[in-house]
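# A structural walkthrough
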Amino acid sequence: MIDTGGRPGPQADSVVALVDAASGVERAVIGDWIARGGLGDEIDSIAPVTQLDLDAKAIIKRLATRQDDPLVVPVRVLWLPPERDGVRRVTFADLAMGTNPRKPNRLVQRRLLRTEPDRHRVLVGAPARLSALRTKNPEAAALLRAGSADPFARAVVRAAVVALERAERTVIGDRYKVPQLVAEEILDSPEFQRKLDYIADEIGSEPDQVYRNAEKALRELVAAQSRLVSDLFTQAMRPVHASTWKVDTDLRGLDALRALNRKHPLVFLPSHRSYVDAFVLGDVLARNDFPPNHVIGGANLNFWPMGPIARRTGTVFIRRSFGDDEVYKAVVEEYFAYLLAKRFNMEWYFEGGRTRTGKLRPPRYGLLNYLAAAVRSRRVDDVMLVPVSITYERLNELGAIASEQAGGTKKAEGIGWLAKYVRLQQHSAGRVYVRFGEAISARERLGVHGDPLDQRPVTIPLRDTETGSATVPDEKAVAAAEQKAVQRLAFDVAVGINDVTPITVNALVTLALLGVHERALTLGQVRTVLDPVLGYIARRGLPSGELSTLRDEHGLRVVLEQLALAGVVTVYRGGLEPVYAIEPGVHLEAAFYRNSAVHWFVNRAILELSALTAVEQPGDDPLRAAWKAAFALRDLLKFEFFFPERQEFADQIIEEVRIIVPEWDEHTPDDRLDRQFLGAVTESGFVMAHRVLRSFFDAQLVVAERLVARPTDATIDRKEFIDECVAVGKQMLLQQRLHSPESVSSELFTSAWKLADNYGLIAPADEGAEAELIEKRQAFADQLRDLGDRIARAASLDPSNRNTH
């Protein structure tokens, strides 16, 4: 109730036991226990005890208006499942008996008391003085003095339930931490009621109607968690991933998070590659005794029977779009703030959906804005954001993802879809790596300073550009600064995910095979490509999976054969020895594996193209030409990858130079940016530019050329334009105007569209500016054609593109 650390304070003259009993058996167990002195021993008191049902009406009648100051203690009987292998967890075998072992019916309760007395405990929640309960709920206490006892009685019930839940978790573990009476507590909040009154006034609606709409939205949102359903759902769904992947977990990262979770709520923000991500992460956390996350999911997954079951395990289904519905926005914001203030952990997939390319998608900011609002309002001291990388060696659902990227229609989720999806998972697919990045303080990143308990609004100070003195910001400036802080927070999370994402064996093998343009390689040739890349990974100390497998001929053959079984690689065995290539028509699937690790090689690829520019177009200053090219490439790729600020990016490029030419600092830069530098790249054994960047620039070229073909006064419909790019991209591929089949992807075309829009190439031209828009669109296309030619020249430097055995 009121946390006293288990100590009731000064000796009480009387004690009121609030008995939470669901049956006469439980009431009798508690009564006998109290009569034997059990409660007195528990709270170290000899005061007389009055038993009172934990019920608002009983509290109104016999407790709320008492003039003395009794010690109020909530009490409950806890029933436990049988112990199996040292763990008490409900199984489907328990349900065969027709009752829930955690909530047995009264007949089973009597039997358990006789035959298995170790299956029950009498729980005592943290006690509190009646005066302390009034102090804790000042507005409800004020209403009590005015003659209205209902709000105070409901507050006492909620406090007792919370105290008992905390006591219960000391017995059953944190993984069963579930919130109770959430909607009731939020709706009873005076602050929330005032917010609803304000909204009613703003939209011109009756307050009662707004309140009813808010209650309906809350009932729709709130996840009514059940320990029974959580146990059974985990047991039922675990085979979906456990029979498919061996889970490889970062246990040290979990230990650090467990320590943080004692002080702050955690928000897990995983990469999203598969529908089973939530099952994998949930199972990892449950097995390490973390409380269940409130998982934020799209309403499209709220179908029968999964929707009702998932809500009982902590899934919060949120509408995909709620436009101008101010009541729903207020409810979501309040629910987020409530969960975080109560230190319930949360989880959502901030990319907004599964990646279609294998690499991280740009983040969505909507839910982060609600989190930021809770921190800025000082409703919560701090929230720790946890970047989580979930990386699969193989995925059985890639065919459907690739089909969508090539213009196919996404299958609607439903019970039939679910059954088919589960069947797809019944094939071994290697490992799934679960890695946790360094937790990020939301309070620190959002720039919220001062006493966290001070709930006054936060003002973001600005500076006058001329005098440097502080100014009072206007609303637009504050909103812009706040939104920029949220965007930076999302960027840091994405970088945190990438920083711990391991390079898998399939990522490297597909990287090798996709870089040799429709050629098949022998086992020895594949090793020739991979060996220097493995050395590069080792020198940089990059996170990786079981890459030692690729250094062994037998291990490499096994990886290739497994990819062949998955339909990604084709093997020809009719010649002198087997040769391996990407299966025709499945380049998008292969690129998905490659792209899970492609971010580790982007800077290397940019450096190669920049050095080539410096050699081919040196001018008076080859170093300046190289840097200009590097920053231009970074700008073209800003909607594909997460680049740091310019200076940090420059430092990263210089580190890449030192890897290629260790003696770089012993020479003047101009002496090294010549053909000798490119020779050093070639001598390193591999070139990355064509393997890593070609598909992205090919996709941009398709978009650029389609824009050139559009009238400058036309408004372009994005969906229709992307569909056109998919169709024309296939034609250009057949004409060999594109080199990478994986570039014909609606996801890549969408990113290219965003880039073109950022360059001002999408919107119709203003009157009189038509010629300027034509020139800009043409220059964009010319730039990408030149870049394609440069990538082709870089590819010619790659030793693997020479037909040697």
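These numbers were taken from a predicted model, which means no experiment stands behind them.

### Points about the overall build of the protein
Scanning the protein for helices and strands turns up 35 helices and 20 strands. In the protein, which comprises 805 residues, the proportion classed as buried is 53%. Summed over all atoms, the accessible surface of the protein reaches about 36,700 Å², with 50% contributed by carbon and sulfur.

### Description of the nonpolar core
Core analysis: the biggest nonpolar cluster contains 127 residues, and F436, L508, L550, F601 and I606 have the highest contact counts within it. With residues near it in sequence (within four places) discarded, L550 still touches V505, L508, V509, R527, L530, L534, L556 and V559. Ranked by size, the runner-up nonpolar core spans 57 residues in total, among them F192, F322, W348 and I497.

### Regarding the packing of helix α22 (residues 505-514) against helix α23 (residues 523-540)
Interhelical geometry of α22 versus α23 gives an angle of 125° and a closest axis separation of 10 Å. Classified by the angle their axes make, α22 and α23 are oblique. Both α22 and α23 take part in a crossing whose hand is right-handed. Together, L508, V509, A512 and L513 of α22 and V526, V529, L530, V533, L534 and I537 of α23 make up the contact between the two elements. Within the contact of α22 with α23, the residues separate by chemical class into 10 nonpolar, no polar and no charged.

### With respect to the environment of L133
Tracing the chain through its elements places L133 in helix α6 (residues 130-136). Along the sequence, L133 and V72 sit 61 residues apart, while their C-alpha atoms lie 9.0 Å from each other.

### Focus on the pattern of salt bridges
According to the stated counting rule, one finds 44 salt bridges in the structure shown. Salt-bridge contacts for R691 lead to D798; the nearest nitrogen and oxygen are separated by 2.6 Å. Residue R691 is found in helix α31 (residues 689-692), and its partner D798 is found in the segment after α35 (770-796); the two are separated by 107 residues along the sequence. By relative accessible area, R691 is classed as buried at 2%. Relative accessible area serves as the criterion here: at 0%, D798 is assigned to the buried category.

### Observations regarding the sheet that holds strand β20 (residues 579-582)
Ordered by their spatial adjacency, 3 strands build an open sheet running β18-β20-β19, and the pairing between neighbours is antiparallel. What marks the edges here is a single partner per strand, and that holds for β18 (521-522) and β19 (569-572). The pairing of β18 with β20 spans 2 bridges and is antiparallel. Looking at the pairing, T522 lines up with V579 of β20.

### What to know about the pairing of strand β3 (residues 71-79)
Judged by how many residues are buried, β3 sits mostly within the fold: 9 of 9 residues are covered. Pairing of strand β1 (residues 15-20) with β3 involves 6 bridges; the strand directions are parallel. From the neighbouring strand, V16 faces β3, where its bridge partner is V72. Bridge count for β3 against strand β7 (residues 128-129) is 2 bridges, and the pairing is antiparallel. Of the residues in β7, the one forming a bridge with L71 is R129.

### Observations regarding unusual backbone geometry
The backbone phi angle of D289 is positive, close to 60°, even though this residue is not glycine. Here D289 is to be found in the loop between α14 (277-287) and β10 (294-298). Under the relative-accessibility criterion, D289 is labelled partly exposed at 31%. Despite not being glycine, Q736 has its phi angle at roughly 60°, a positive value. Inspection of the secondary structure assignment puts Q736 in the loop between α33 (718-734) and α34 (746-758).

### With respect to the packing of aromatic side chains
Summed over the entire model, instances satisfying the criterion amount to 15 aromatic pairs. A centroid spacing of 6.4 Å and a plane angle of 70° characterise the contact between F641 and F643, whose relative ring orientation is edge-to-face. With a relative accessible area of 12%, F643 lands in the buried category. Measuring from ring centre to ring centre gives 5.7 Å for Y759 and F780, while their planes differ by 85°; the resulting arrangement is edge-to-face. In this pair, Y759 is assigned in the loop between α34 and α35 and F780 in helix α35, connecting sequence segments 21 residues apart. Looking at Y759, the relative accessible area reads 24%, which means it is partly exposed. The class for F780 is buried, based on a relative accessible area of 4%.

### Thoughts on the side chain of N261
Assignment of secondary structure puts N261 in helix α13 (residues 251-261). A distance of 2.8 Å separates the side chain of N261 from the side chain of N345, its partner in a polar contact.

### Some remarks on a positive patch on the surface
The grouping of R320, R364, R718 and K754 at the surface amounts to a positive patch. Secondary-structure assignment places R364 in the loop between β12 (346-347) and α17 (366-376). Relative accessible area serves as the criterion here: at 55%, R364 is assigned to the exposed category.

### Focus: the confidence of the model for the protein
Put simply, the protein has an average pLDDT of 86, and 83% of its residues get 70 or more. Contacts from residues 4-9, a stretch scored under 50 in pLDDT, to residues over four places away or in other chains number 5 contacts. Segment residues 455-467: pLDDT under 50, and 24 contacts once partners within four positions in sequence are set aside and those in other chains are kept.

### So, the packing of helix α32 (residues 694-708) against α35
Two elements in contact, α32 and α35, have axes whose closest approach is 9 Å; the angle formed by their N-to-C orientations is 155°. By the angle class used here, α32 and α35 are roughly antiparallel. Relative to α35, the crossing made by α32 is left-handed. Across from R694, F697, Q700, L701, A704, E705, L707 and V708 in α32, the residues of α35 making contact are R777, Q778, F780, A781, L784, R785, L787, I791, A792 and A795. Its residues placed into classes, the contact of α32 with α35 shows 12 nonpolar, 2 polar and 4 charged.

### Some thoughts on a negative patch on the surface
Together, D713, D766, E767 and E770 make up a negatively charged patch on the protein surface. Relative to the assigned elements, E767 resides in the loop between α34 and α35.

Cut-offs used in this document
- Residues numbered from 1 in each chain as written.
- Predicted model: local features only at pLDDT ≥ 70, side-chain atom pairs only at ≥ 80, totals over all residues.
- Heavy atoms only, no water.
- Helix = DSSP H or I, 4+ residues; strand = E, 2+ residues; numbered from the N terminus.
- Buried < 20%, exposed > 50% of the residue type's maximum accessible area, 1.4 Å probe, protein only.
- Areas by Shrake-Rupley, 256 points an atom, 1.4 Å probe, with all protein chains shown as cover.
- Core = buried A, V, L, I, M, F, W, Y, C linked by side-chain atoms within 4.5 Å.
- Contact = heavy atoms within 4.5 Å.
- Axes fitted to C-alpha atoms, helices over the stretch in contact; angles between N-to-C directions.
- Parallel < 35°, antiparallel > 145°, perpendicular 65-115°, else oblique.
- Left-handed = near helix turned anticlockwise from the far one by under 90°.
- Nonpolar A, V, L, I, M, F, W, Y, C, P; charged D, E, K, R; others polar.
- Salt bridge = Lys/Arg side-chain N within 4 Å of Asp/Glu carboxyl O.
- Pairing = 2+ DSSP bridges.
- Phe/Tyr/Trp six-rings, centres within 6.5 Å; stacked < 30°, edge-to-face > 60°.
- Polar contact = N/O pair within 3.5 Å; in protein donor to acceptor, adjacent residues only side chain to side chain.
- Patch = residues over 30% accessible without salt bridge, like charges linked within 9 Å, V, L, I, M, F, W, Y side chains within 5 Å.
- Lys, Arg positive; Asp, Glu negative; His and termini not counted.
- Charge placed at Lys NZ, Arg CZ, Asp CG, Glu CD.
- pLDDT = per-residue confidence, 0-100.

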